[in-house]
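If you want the building blocks of each chain, they are given just below.
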Amino acid sequence: MSQTLNIEIQDFALWKKLAARRTLYSFDLDLTARCNLNCRHCYINLPANDREAKARELSVDEIGHIADQAIELGALWCLLTGGEPLLRTDFVDIYLMLKRKGLLLSVFTNATLITPEHIALFKNYPPRDVEVTIYGATAATFERVTRKTGSFARFVKGLDALFDAGIRVRLKAMALRSNLGEMEAIADFGRRRTKDFYRFDPVLHLRYDRDQARNKEIISERLTPQEIVALERADVARFGSLLKGCDALINEELGHYNCDHLFHCGAGNANVSIGYDGTFRLCQSLWAPGTTVNLRETSLRQAWEEFVPHVRDMRSQDLKFLQTCRKCPIVNLCLWCPAHAYLETGRMDGETHFFCAVAHARAAAIQAER
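Reading guide: rules and limits
- Residues numbered from 1 in each chain as written.
- Predicted model: local features only at pLDDT ≥ 70, side-chain atom pairs only at ≥ 80, totals over all residues.
- Heavy atoms only, no water.
- Buried < 20%, exposed > 50% of the residue type's maximum accessible area, 1.4 Å probe, protein only.
- Helix = DSSP H or I, 4+ residues; strand = E, 2+ residues; numbered from the N terminus.
- Pairing = 2+ DSSP bridges.
- Phe/Tyr/Trp six-rings, centres within 6.5 Å; stacked < 30°, edge-to-face > 60°.
- Contact = heavy atoms within 4.5 Å.
- Axes fitted to C-alpha atoms, helices over the stretch in contact; angles between N-to-C directions.
- Parallel < 35°, antiparallel > 145°, perpendicular 65-115°, else oblique.
- Nonpolar A, V, L, I, M, F, W, Y, C, P; charged D, E, K, R; others polar.

(A) Molecular detail of the pairing of strand S4 (residues 77–81). For S4, the tally of buried residues reaches four of five residues, placing the bulk of the element in the interior. Here five bridges tie strand S1 (residues 26–30) to S4, and the two strands are oriented parallel to one another. Its bridge partner lying in S4, Ser-26 is registered against Trp-77. Pairing geometry for S4 and strand S5 (residues 104–109), over four bridges, is parallel.

(B) Up close: the packing of aromatic side chains. Evaluated as defined, the whole model comprises twelve aromatic pairs. A centroid spacing of 5.9 Å and a plane angle of 25 degrees characterise the contact between Phe-155 and Phe-189, whose relative ring orientation is stacked. Pair noted here: Phe-155 is in helix H8 (residues 151–164) and Phe-189 is in helix H9 (residues 183–194), with a separation of 34 residues, a long-range link. Each member of the pair, Phe-155 together with Phe-189, is buried. Residues Phe-321 and Trp-336 carry aromatic rings whose centres are separated by 5.4 Å and whose planes lie at 35 degrees to one another, so their mutual orientation is tilted. A residue pair is termed long-range when its members are at least 10 positions apart, and Phe-321 in helix H14 (residues 319–323) and Trp-336 in the loop between H14 and helix H15 (338–345) qualify at 15 residues. Using a relative accessible area of 1% as the deciding quantity, one classes Phe-321 as buried. Its relative accessible area of 10% is what places Trp-336 among the buried residues. Aromatic rings pair up to connect Tyr-135, Phe-142, Phe-152, Phe-155 and Phe-189 into one cluster.

(C) Structural view of the environment of Asn-258. Its place among the elements puts Asn-258 in the loop between helix H12 (236–246) and strand S9 (271–274). A relative accessible area of 84% places Asn-258 in the exposed class. Expressed as a C-alpha distance, the spacing of Asn-258 and Asp-28, which sit 230 residues apart in the sequence, is 34 Å.

(D) The sheet that holds strand S7 (residues 169–174), seen in detail. The sheet built from nine strands is open, its strands ordered S8-S7-S6-S5-S4-S1-S9-S10-S11 with mixed pairing. Every other strand in the sheet has two partners, leaving strand S8 (198–201) and strand S11 (293–294) as the edge strands with one partner each. Where helix H5 (residues 91–100) meets the sheet, its contacts fall on S4 and S5, and the angle it forms with S5 comes to roughly 155 degrees.

(E) Just the packing of H5 against helix H6 (residues 116–124), in detail. Viewed as axis vectors pointing N to C, H5 and H6 meet at an angle of 5 degrees, and their least axial separation amounts to 11 Å. Looking at the two axes, H5 sits roughly parallel to H6. For the pair H5 and H6, contact is made by Phe-91, Val-92, Tyr-95 and Leu-96 and by Glu-117, His-118, Leu-121 and Phe-122, respectively. The residue makeup of the contact of H5 with H6, split by class, is six nonpolar, one polar and one charged.

By themselves, these observations are geometric and do not establish any function.
Okay, here's the thing in structure tokens:
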């Protein structure tokens, strides 16, 4: 079933019937929320020694049970992420178990905990890819972001081990106030190693747990809309993609009129996210009350076939939202969505002023090239 059909169906009973026929192609699995680093911009990390968080983590058997259900629903691919997934002492057991079930696996890691055992595992049972974030091109900048002495050397060592073993690696970066001066060097670091597999993200969203102290740090790391656009314009490939993929969408006729649905995105269409404690979400960022269920209490099939349609049918009655964000013709250039709106404002139909400013700056840059 197409995303367009998902969006346009107004009759909830019909939506629910059709939802039972959809295929779950992939799922993201947070193995832990704990991390050995303490990055200034991170939206999920808890301390590596957080006993409460560790006690809540899904066991190998629980992960296997969820994976079996996902495969029954059609899943082919699983992303293992965190936190830092390699903090799990049973990571190898989890990885091998999922591989034996026939799933394609991707791994998001900071590469600082890579050991010879991990390298042997990935060589013998190759992942689809391993994705690693570059926080800085020098130790000073990298460790300003991670706040962990020695983390840059461990990152380089782990990354080199992956490349030396022939593992398919993708590199990415977050553009922060703390590393802005090195973004060109970071891009060079990434592209020299991966060529077509480097990207950067300049727009930060807030914490899943809505920790206000940590959110202030994230906000302080955000670049201005003008700085974001300047970075994107300096990247020929990225700005070319914006021109190619978004230029035609800056169109008043594409505003959503006479619609009060919150969800016009692909959340829950073919992929879902599962938290380290079994929390089921339609996407990684969606943590608003009433949009999650726990797979320790509900089957994945029930969540997929009954709960997802319920969430996607959620509406807004806020007239200001319905007259602004819901009708915005440049929403494709904006990080606004119900998930991020909740993280920013506590409401899924809240106004995200920063994301709005970024979208308008991008639109102006694109229109200047017409």
